[in-house]
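These are the residues of each chain, in order.
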Amino acid sequence: MYKNESQGLMRFALATPRLLIFQIPPLHIPPFSKNPWQKTLLLPNLKNSITLPPTTTPPPPPPRLQTLAPFRRRYRAMTMTAATTTVVPVKEKIDLTDKERQIFERLLQVLRHFNLQTQLRVAGGWVRDKLLGKECYDIDIALDNMLGREFCEKVNEYLVSAGEETQGIGVIQCNPDQSKHLETARMRLLDIWIDFVNLRSEDYCENSRIPTMRFGTAEEDAYRRDLTINSLFYNINSSSVEDFTGRGIADLRYGKIVTPLPPKETFLDDPLRVLRAIRFGARFGFTLDEELKVAASDNDVKAAIADKISRERIGHEVDLMVAGNQPVKAMAYISDLLLFWVVFSLPPEIEPPASEGDDRLGVAYMGAAWELMQLIGCSTFNDEQTRLTLYSALFLPFRKTVYHNKSKKIPLTSYIFRNSLKLKSSDAEMVESLHNATEKFITLIPLLISNEDMEVAKVDWKRETIDVPVDSKLRILAGLLLREIKNFWRAALLLSTLIYPSNIDSTTNSPIDHFELGKRRELFKKVEDKIINLGLKNVWEVKPLVNGKDIMSILQIKTGGPIVREWQQKLLEWQLANPSGTAEECVDWMREAQSKRARTD
């Protein structure tokens, strides 16, 4: 970390509270039925309760659930006294779209045609989102007595009998080593992709974290899911919501991120659930359960994330966070739970070494970039520009950090994108380009905002430009930079305004106050206006006035090479310095410059 640019930032980043706890009066939640096997959840302020399928004889709890009495008591005590800032509106029933109604009716026709006793349940996120009044097109259907592939085959048999076209079936195999325990079948119905999977239960051997799978009940399946808000079912057969944990809807209503089973056990079963808990907590603005936070920071869980989950799955979750509606909150959770270097793993040796607090400093930069985008106007940046700008801000503390690969020095950000997250190579290249362009913008900003002629020669880009007046040289340098970064130039400008030297009050405890975002917005707009006034807005689209063949003809050479590339660069600089110049004028300048060069040589 470079102290001369971050001493003030570190003071507030290290002093920033890790998690905000709001103390407000407790909310009243009606108690559950005294009979634990009566599947009725009483909801406050709702006209009707949601009734779940009754059992005629109370069976003993599943073996894995018998140990949960202390956890259930802890949860009940927590929900009776928990404080939260809002109550989330939850719908009394799920309203189906016409397409959903048609799909579900088609599936019920399959059951009736083959006289199947299968219970069809939509699981997880679709149920959660529909209860929140949000549309969702990700339909996962759980089956209680057959594999998803077997049911898809039944669907195709029915389509044949009805004289309709069959659909292709895709099967995603299970992979226990990567915590992918279920075979999933997928097919299209009415132009919607539907996933089919069997309900499951898990039995664990004493010395193994990989479970033995068997068909389970809906209750067993609900308890093995990642979060209570994702453990809800919509029973297609009975058109009813099922809450087998007895608390999924309550947690949804009161904004709680809680695991159905003890969190450490849940996370060790599938460590990716840690990142999913963070993502959903940030996305919905829900509160992470205290015991969940302790488990997420546990060394055994950290080791499981690093060793048991593929980097592709980690990268996918992180990318969903960064592209989501609360990216900064998600990254703050990752930092606060001491997971930053587990998620963004580093190579063995980097230089300079990472400093304590660099993760929080990166989150602070990301937060400032996010807020500054809102001030400037979200329409200025498209989704891809926003995503990569946020990544670039998060890794600003490491923009000059490299690692050694054989005899080469490679930017650390390249390793993080290609190895730690397994994201696209183009993402790594763009973030590297944004960091480089940010450094160049910093050297140009004082020239672009000044009303007086300044010494452009002080701009050290390790290259020389053609000899032109100061104003023209400024247009050359700015134009070359924009041609290098193209339509991401505003992203690079935004990043540069975050680290451009200014009079900042580093004693404030507020990250937003520290960055003085109002002043940085003014700086951004001033430089943006100057670039537009220079006529450089889409300068990367400008075609060369003189092509390579013309250059070879003037130089009287038969093949290209370094000398042609050198003249292409010089002619581009002339064109930037003379935006209204013609091809003939450009050629005349080249002939004159070549003649002077020959006399000098």
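Heads up: these notes are all about the structure in this document. Predicted model only: the values in this text are computed from it and were never measured.

Rules of the game
- Residue numbering note: each chain is counted from 1, following its sequence as written.
- Local features in a predicted model are, by the rule used here, given only for residues with pLDDT of at least 70; side-chain atom pairs are given and counted only at 80 or more, and totals for whole chains, interfaces and linings are based on all residues.
- Excluded from the side-chain calculation are hydrogens and water; included are all heavy atoms of the structure.
- We call a residue buried when its accessible area falls under 20% of the maximum for its residue type, exposed when it is over 50%, and partly exposed in between, using a 1.4 Å probe and counting protein chains only.
- Note on conventions: DSSP H or I runs of at least 4 residues are helices, E runs of at least 2 residues are strands, and numbering of each starts at the N terminus.
- Note on pairing: two strands pair once DSSP finds at least 2 bridges between them.
- Only buried Ala, Val, Leu, Ile, Met, Phe, Trp, Tyr and Cys residues count toward a nonpolar core, and they belong to the same one when joined by side-chain atoms within 4.5 Å.
- The criterion used for residue contact is that any of the two residues' heavy atoms lie within 4.5 Å.
- A helix is expected to span 1.5 Å multiplied by its residue count minus one.
- The directions considered for the arc run from the helix axis to the C-beta atoms.
- Identification of polar contacts relies on pairs of N or O atoms within 3.5 Å, with a donor-acceptor requirement for protein atoms, meaning one able to donate a hydrogen and the other able to accept it, and with residues adjacent in sequence counted only if both atoms are side-chain atoms.
- Between Lys or Arg on one side and Asp or Glu on the other, a salt bridge is scored when a side-chain nitrogen of the former is within 4 Å of a carboxyl oxygen of the latter.
- Any two of the Phe, Tyr and Trp rings considered here, Trp counted by its six-membered ring, make a pair once their centres fall within 6.5 Å; the pair's planes then place it as stacked at under 30 degrees, edge-to-face at over 60, or tilted in between.
- A ring has a charge above it when a Lys NZ or an Arg CZ is no more than 6 Å from the ring centre and no more than 35 degrees off the ring normal.

**Quick notes on the pairing of strand β3 (residues 120-123)**
In β3, alternate side chains face the same way, and those of Leu120 and Val122 on one face and Arg121 and Ala123 on the other are all buried. For β3 and strand β4 (residues 139-143), the ladder comprises three bridges, and the chain directions are antiparallel. For arginine 121, the partnering residue across the bridge sits in β4 and is alanine 142. Looking at chain direction, β3 and strand β10 (residues 233-235) are connected through three bridges and run antiparallel. What sits directly across from alanine 123, in β10, is phenylalanine 233.

**What about the nonpolar core?**
Membership of the largest hydrophobic core comes to 157 residues, with the highest contact counts inside it found for Phe151 and Met331. Residues within four places of phenylalanine 151 in sequence aside, it is in contact with Leu107, Val110, Leu111, Leu116, Leu120, Leu143, Met146 and Phe196. Listed in part, the seven residues of the second largest apolar core include Ala123, Leu199, Ala222 and Phe233.

**A look at helix α3 (residues 98-114)**
Taking 1.5 Å of rise per residue, 17 residues should cover 24 Å, and α3 covers 25 Å from first to last C-alpha, within 8% of that figure. Every buried residue of α3 is listed here: Glu100, Ile103, Phe104, Leu107, Leu108, Val110 and Leu111. When α3 is viewed along its axis, its buried side chains cluster within an angular range of 145 degrees and face the same direction. Of the exposed residues in α3, the ones pointing more than 90 degrees away from its buried face are Asp98 and Arg112. Count one or two residues on from α3 and you reach asparagine 115, which has phi positive near 55 degrees.

**Concerning the side chain of arginine 128**
Along the polypeptide, arginine 128 turns up in helix α4 (residues 125-131). Owing to a relative accessible area of 4%, arginine 128 belongs among the buried residues under this scheme. At a separation of 2.5 Å, a polar atom in the side chain of arginine 128 contacts the side chain of asparagine 230. The residues contacting arginine 128, other than those within four sequence positions of it, are Ile229, Asn230, Leu252, Phe280, Arg283 and Phe284.

**What to know about the pattern of salt bridges**
By the definition in use, this model includes 33 salt bridges. In this structure, the salt-bridge partner of aspartate 195 is arginine 186, at a minimum N-O distance of 2.7 Å. Several salt bridges converge on common partners, so that one network encompasses Asp319, Glu384, Arg387, Lys424 and Asp427.

**A closer look at the packing of aromatic side chains**
The tally for this structure, following the rule as stated, stands at 16 aromatic pairs. Between the aromatic rings of phenylalanine 151 and phenylalanine 196, the centroid separation amounts to 5.5 Å while the plane-to-plane angle is 40 degrees, which identifies the pairing as tilted. Residue phenylalanine 151 is located in helix α5 (residues 148-161), and its partner phenylalanine 196 is located in strand β7 (residues 192-198); the two are separated by 45 residues in the primary sequence. Take phenylalanine 196: its relative accessible area is 0%, and that puts it in the buried class. Between the aromatic rings of tryptophan 341 and phenylalanine 398, the centroid separation amounts to 5.6 Å while the plane-to-plane angle is 75 degrees, which identifies the pairing as edge-to-face. Of the two residues, tryptophan 341 sits in helix α14 (residues 340-343) while phenylalanine 398 sits in the loop between α16 (383-394) and β15 (402-405), which places them 57 residues apart along the sequence. Tryptophan 341 sits in the partly exposed class, given a relative accessible area of 33%. What links up through ring pairs into an aromatic cluster is the set Phe340, Trp341, Phe344, Tyr391, Phe395, Phe398 and Phe417. The ring of phenylalanine 114 has lysine 154 lying over it, and the distance from NZ or CZ to the ring centre is 4.6 Å. Note that arginine 279 overlies the ring of phenylalanine 280, its terminal NZ or CZ placed 4.7 Å from the centroid.

These values are about where atoms sit, not about what they do.
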